[in-house]
Amino acid sequence: MSSAMVGAAISVSSKANADQVTVKSGDTLSQIANKAGTTVESLKINNNLQDVNKIYPGQELKVDNNAQSSVKTYTVKAGDSLWKIAQANGLSVDELKSVNHLTGNLILVGQVLNLEKGQSQDNTQAQTQAPSDAQDNTQAQASQAQAQTPYQQVQQTQTQIQNRQNLYNWQAKQSANNVQSNVQASANSGYTSNVSGSDQAAKAWIAQRESSNNYNARNGQYIGKYQLSSSYLNGDYSPANQERVADQYVTSRYGSWTGAQQFWQSHGWY
């Protein structure tokens, strides 16, 4: 957009004849001042407003028709940037950001910017729920969403995305906790070894030498009390599964724990 085109889009408010105006949903004090031909400061003083960002639908505002407004504003068009708008109107980017209370360079199509150095642009729209009328909270919240500026809607969307991500993270954590609970339940469900006598003694002897009887011992791919391959345990490292798989492994390979002990004594492993 050329400087000439940017400049052509500037609007200067004209004087209104009304002595008072009624705030509508979506109004801002600066919009009302421009339409009524007055200033934000005049509206603030005449209506004893403590905060120019807080007006409500249905609120009656007194207008001083003697306070002629000449505040220049510009409505953002597609392709605009703060630099283009500032250059076309004899302002620096910092001055334009300051009078419009902008903290970054984001502007949105349809956003109204103040072009007067000494005037502050009120970008906060009228709140949709009057202080004395909060009974229908659901309806008020819906009206408030409609009254938001595009910039506020972007912020709200970002907050909703973050809240959704937090929910996903919590659900993933809960799922992981459930898996851990299932593993623990498997351990607690128990496996009772029927090994006894000399085989039981041989089993204890091997466990002592392999891991000092530690179910949590790790040595590369070898896991637990009997230092079994992780592929044998199939991801279940619970004590019960270690006992079960160890008995199965020894029975299939050596026939008994006594045979496994004899092999261990000859080779240093089983």
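My aim in this report is to walk through the structure given alongside it, one point at a time. (Residues numbered from 1 in each chain as written. Predicted model: local features only at pLDDT ≥ 70, side-chain atom pairs only at ≥ 80, totals over all residues. Heavy atoms only, no water.)

Some words on the environment of valine 245
Here is step 1 of the chain: Within the secondary structure, valine 245 sits in helix α10 (residues 239-254).
Here is step 2 of the chain: If we ignore the near neighbours within four places in the chain, the residues touching valine 245 are Leu228, Tyr232 and Leu233. (Helix = DSSP H or I, 4+ residues; strand = E, 2+ residues; numbered from the N terminus. Contact = heavy atoms within 4.5 Å.)

Considering the sheet that holds strand β8 (residues 228-229)
Here is step 1 of the chain: Reading across from one edge, β6-β7-β8 is the order of the three strands in this open sheet, with antiparallel pairing throughout. At either margin of the open sheet sits one strand with a lone partner, and together these are β6 (218-219) and β8.
Here is step 2 of the chain: As paired strands, strand β7 (residues 222-223) and β8 are joined by two bridges and run antiparallel to one another. Bridge pairing links isoleucine 223 to leucine 228 in β8. (Pairing = 2+ DSSP bridges.)

Some points on α10
Here is step 1 of the chain: When the terminal C-alpha atoms of α10 are compared, their 22 Å separation across 16 residues agrees well with the 22 Å that a helix rising 1.5 Å per residue should span.
Here is step 2 of the chain: Taken residue by residue, α10 has Ala240, Asn241, Gln242, Glu243, Val245, Ala246, Asp247, Tyr249, Val250 and Tyr254 as its buried positions.
Here is step 3 of the chain: A positive backbone phi angle near 90° is found at glycine 255, which sits one or two residues after α10. (Expected span 1.5 Å × (residues − 1). Buried < 20%, exposed > 50% of the residue type's maximum accessible area, 1.4 Å probe, protein only.)

Focus on the nonpolar core
Here is step 1 of the chain: Counting residues in each nonpolar core, the largest one holds 18 residues, and the members touching the most others are Tyr226, Leu228, Trp257 and Tyr270.
Here is step 2 of the chain: When contributions to this core are tallied by element, the ones reaching two or more residues are α8 (197-211), α10 and α11 (257-267).
Here is step 3 of the chain: Looking at which element gives the most residues to this core, the answer is α10, with five residues.
Here is step 4 of the chain: For tyrosine 270, the contacting residues outside a window of four places in its chain are Ile206, Glu210, Tyr226, Leu228, Tyr249, Val250, Tyr254, Trp257, Ala260, Phe263 and Trp264. (Core = buried A, V, L, I, M, F, W, Y, C linked by side-chain atoms within 4.5 Å.)

Re α11
Here is step 1 of the chain: Every buried residue belonging to α11 is among Trp257, Gly259, Ala260, Gln261 and Trp264, and all of these are buried.
Here is step 2 of the chain: Where the residues of α11 are buried, they touch α8 and α10.
Here is step 3 of the chain: Just downstream of α11 lies glycine 268, where phi reads positive at about 85°.

Examining the packing of aromatic side chains
Here is step 1 of the chain: Overall, the coordinates contain eight aromatic pairs when judged by the stated rule.
Here is step 2 of the chain: Measuring from centroid to centroid gives 5.2 Å for tyrosine 254 and phenylalanine 263, while their planes differ by 45°, and the two rings are tilted.
Here is step 3 of the chain: Among the residues examined, phenylalanine 263 registers a relative accessible area of 21% and is labelled partly exposed.
Here is step 4 of the chain: Judged by centre distance (6.3 Å) and plane angle (40°), the rings of tryptophan 257 and tyrosine 270 are tilted. With tryptophan 257 in helix α11 and tyrosine 270 in the segment after α11, this pair connects stretches of sequence that are 13 residues apart.
Here is step 5 of the chain: Tryptophan 257 gets classed as buried once you look at its relative accessible area, which sits at 3%.
Here is step 6 of the chain: Each member of the aromatic cluster is reached from another via a ring pair, and the members are Tyr226, Tyr232, Tyr249, Tyr254, Trp257, Phe263, Trp269 and Tyr270.
Here is step 7 of the chain: Positioned above the aromatic ring of tyrosine 74 is the side chain of lysine 77, whose terminal nitrogen or guanidinium carbon lies 5.2 Å from the ring centre. (Phe/Tyr/Trp six-rings, centres within 6.5 Å; stacked < 30°, edge-to-face > 60°. Lys NZ or Arg CZ within 6 Å of the ring centre and 35° of its normal.)

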